[in-house]
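Spelled out, the chains give:
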Amino acid sequence: TRVPTLIRISHILPCPKGFLQGEAVPCSTTGNTITEFTVRMSLEDLGKMQQQAPAVTALNAIARDKSQATDSNNIYPGRFKRKLSAPTVSSHRVNDGIEWSQLNRISFWDFDTLSIARITKGKCLYYIGLQILMKHDLFDEFNLDIMSVLKFLNLLEHYYVPDNPFHNAVHAADVCQAMHCLLVNLRSIETFKPYELLACVLAAMAHDVNHPGVNQNFLIKTASHLMKINGNDSLLEQHHSKVSKSLIKESGIIAHLPPQLQNDILEVVEDLIMATDMAQHQNYMNSMKNLIASGYDPQRKEDRRIVMRFAMKCSDLCNTARPWSTCVQWGKLVLEEFWRQGDQEKSLMLDVNNMFDRDVCVPSKALTGFIDFIAEPLFTLWADFCDTPFTRDICRQIDNNRSHWEDIVKLPDRHLS
């Protein structure tokens, strides 16, 4: 058994209130000490330390420790630490109590965000977002200030609506982790500009921020203020984009960068969030088909943008491609949110779509249909573009999930227990 490296907290940053002076903590194999460190201290404690020690000192110490890691599974070529051989299915399960080896599995497709959410009491976006920023070396690339990053993550957690069964911060964390997996398994990732990678991560984290828990049709039928502000086209995505850009500016996470670079990042963030509009789904499918037919040139900005948009779409629907034990949980959550909207529509005496009516909807049949018409063609096209064992395993997982849903359809009781 490998003996974990020990780092003295007092050698990195002054010891905050509540810590034992000079207390040693195990350093994870990837050197994610800052994550372990921030878990045990409040944002207020970090704020008191801001003037005492620059965050870059801690990050440099982490980078040095990371370069000395001896675990061969965590030594990747290139700056992006690619996990090319990550399996898509394994028997790993998150046990009771937080173990940082779980977050070290963040590059694996079977990563269980729902379990991390239960362990962290809903704060998984905070920890997963921080981990992914570190995985792509974005702290060093952009000299990000740890306080601004933590402020941004806390703002995101605050502005996601926790009462939403599906469109909440846990979903955002899941999408962010899926985006990370898709990008690191993309052969052409080295051709992506650093600001594009940062924008991908920020957009994935913020793509549904402040979601009201109802769809666009409901907002239009009820003459919501969002419709009055954003109009009838992509009104939710416009709202998410505006809120996300406001939080990025409020946190100051990129405020130290040149103005043009800030604009470039915000423009990509907005573009990727707009790509999650399901009303435009077929347009994005056609764009990817045309790209494959004409040939992908990673040096062309527009070609890279099409790939980023499509990766965002796949990430947004990643729950349909997760291992069955996770997929079925997400299926229950999304239907519960639909049914709550249906309950509101009934109380307002509005027409209710069958899928949104808990008394009519057959869950397994509805979710099988979604896989047939949306998820399976989407991920198959991504696999056609990025033909690797990883992407083909995802397609097989979707087929496996569909078979499970189909088996439920055949049961006498068609409703999920």
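Worth saying up front: this structure is predicted, and the values here are computed from it rather than measured.

Reading the values: rules and limits
- Residues numbered from 1 in each chain as written.
- Predicted model: local features only at pLDDT ≥ 70, side-chain atom pairs only at ≥ 80, totals over all residues.
- Heavy atoms only, no water.
- Helix = DSSP H or I, 4+ residues; strand = E, 2+ residues; numbered from the N terminus.
- Buried < 20%, exposed > 50% of the residue type's maximum accessible area, 1.4 Å probe, protein only.
- Areas by Shrake-Rupley, 256 points an atom, 1.4 Å probe, with all protein chains shown as cover.
- Salt bridge = Lys/Arg side-chain N within 4 Å of Asp/Glu carboxyl O.
- 1 Å grid on protein atoms, 1.4 Å probe; cavity = no way out; pocket = protein on both sides within 12 Å on 5 of 7 lines; lining within 4 Å.
- Points joined across faces, edges and corners; volume = space filled by probe spheres on them.
- pLDDT = per-residue confidence, 0-100.
- Contact = heavy atoms within 4.5 Å.
- Phe/Tyr/Trp six-rings, centres within 6.5 Å; stacked < 30°, edge-to-face > 60°.
- Axes fitted to C-alpha atoms, helices over the stretch in contact; angles between N-to-C directions.
- Parallel < 35°, antiparallel > 145°, perpendicular 65-115°, else oblique.
- Nonpolar A, V, L, I, M, F, W, Y, C, P; charged D, E, K, R; others polar.
- Expected span 1.5 Å × (residues − 1).

What about the overall build of the chain?
For step 1, the next point in the chain: Helices and strands together make up the secondary structure of the chain, namely 19 helices and two strands.
For step 2, the next point in the chain: Within the chain, the proportion of its 417 residues that are buried is 56%.
For step 3, the next point in the chain: For the chain, the exposed area adds up to about 18200 Å²; of that, 52% sits on carbon and sulfur atoms.

Brief notes about the pattern of salt bridges
For step 1, the next point in the chain: Following the criterion strictly, the structure yields 21 salt bridges and no others.
For step 2, the next point in the chain: The network of salt bridges with shared partners includes Glu267, Asp271, Glu302, Arg305 and Arg309.

Examining the layout of surface pockets
For step 1, the next point in the chain: Its volume calculated, the largest pocket comes out at about 1000 Å³.
For step 2, the next point in the chain: For the largest pocket, the lining is made up of 41 residues, of which His167, Asn215, Met278, Phe338 and Phe370 are closest to its centre.
For step 3, the next point in the chain: Of all the secondary structure elements, the ones that give two or more residues to the lining of the largest pocket are helix H11 (216–221), helix H13 (235–251), helix H17 (324–347) and helix H18 (363–385).
For step 4, the next point in the chain: Broken down by element, the lining of the largest pocket gets its largest block of residues, eight residues, from H17.

Remarks on the confidence of the model for the chain
For step 1, the next point in the chain: Considering every residue of the chain, the mean pLDDT works out to 80; 74% of them sit at 70 or more.
For step 2, the next point in the chain: Predicted confidence is poor over residues 1–98, with pLDDT under 50, and the contacts of this stretch with residues over four places away or in other chains come to 168 contacts.

Quick look at the packing of aromatic side chains
For step 1, the next point in the chain: If you walk through the whole model with that rule in mind, you get eight aromatic pairs.
For step 2, the next point in the chain: Measuring from ring centre to ring centre gives 5.6 Å for Phe166 and Trp330, while their planes differ by 85 degrees; the resulting arrangement is edge-to-face. Highlighted residues: Phe166 in the loop between helix H8 (146–159) and helix H9 (169–184) and Trp330 in helix H17, separated in sequence by 164 residues. Of the two residues examined, Phe166 and Trp330, each falls in the buried class.
For step 3, the next point in the chain: Where Phe310 meets Trp382, the ring centres are 6.3 Å apart and the plane angle is 10 degrees; that geometry is what we call stacked. Highlighted residues: Phe310 in helix H16 (residues 301–316) and Trp382 in helix H18, separated in sequence by 72 residues.

Re the packing of H9 against helix H10 (residues 194–206)
For step 1, the next point in the chain: Across the interface, H9 lies against H10 with an axial gap of 7 Å and an inter-helix angle of 150 degrees. Between H9 and H10, the interaxial angle falls into the category roughly antiparallel. In this structure, H9 contributes Ala172, Val175, Cys176, Met179 and Leu183 to the contact, and H10 contributes Leu197, Cys200, Val201, Ala204 and Met205.
For step 2, the next point in the chain: When grouped by side-chain class, the residues that make up the contact of H9 with H10 number 10 nonpolar, no polar and no charged.

Remarks on H16
For step 1, the next point in the chain: Given a rise of 1.5 Å per residue, 16 residues ought to cover 22 Å, and the 22 Å separating the end C-alpha atoms of H16 matches this to within 8%.
For step 2, the next point in the chain: Most of H16 sits out of view: 14 of its 16 residues are buried.

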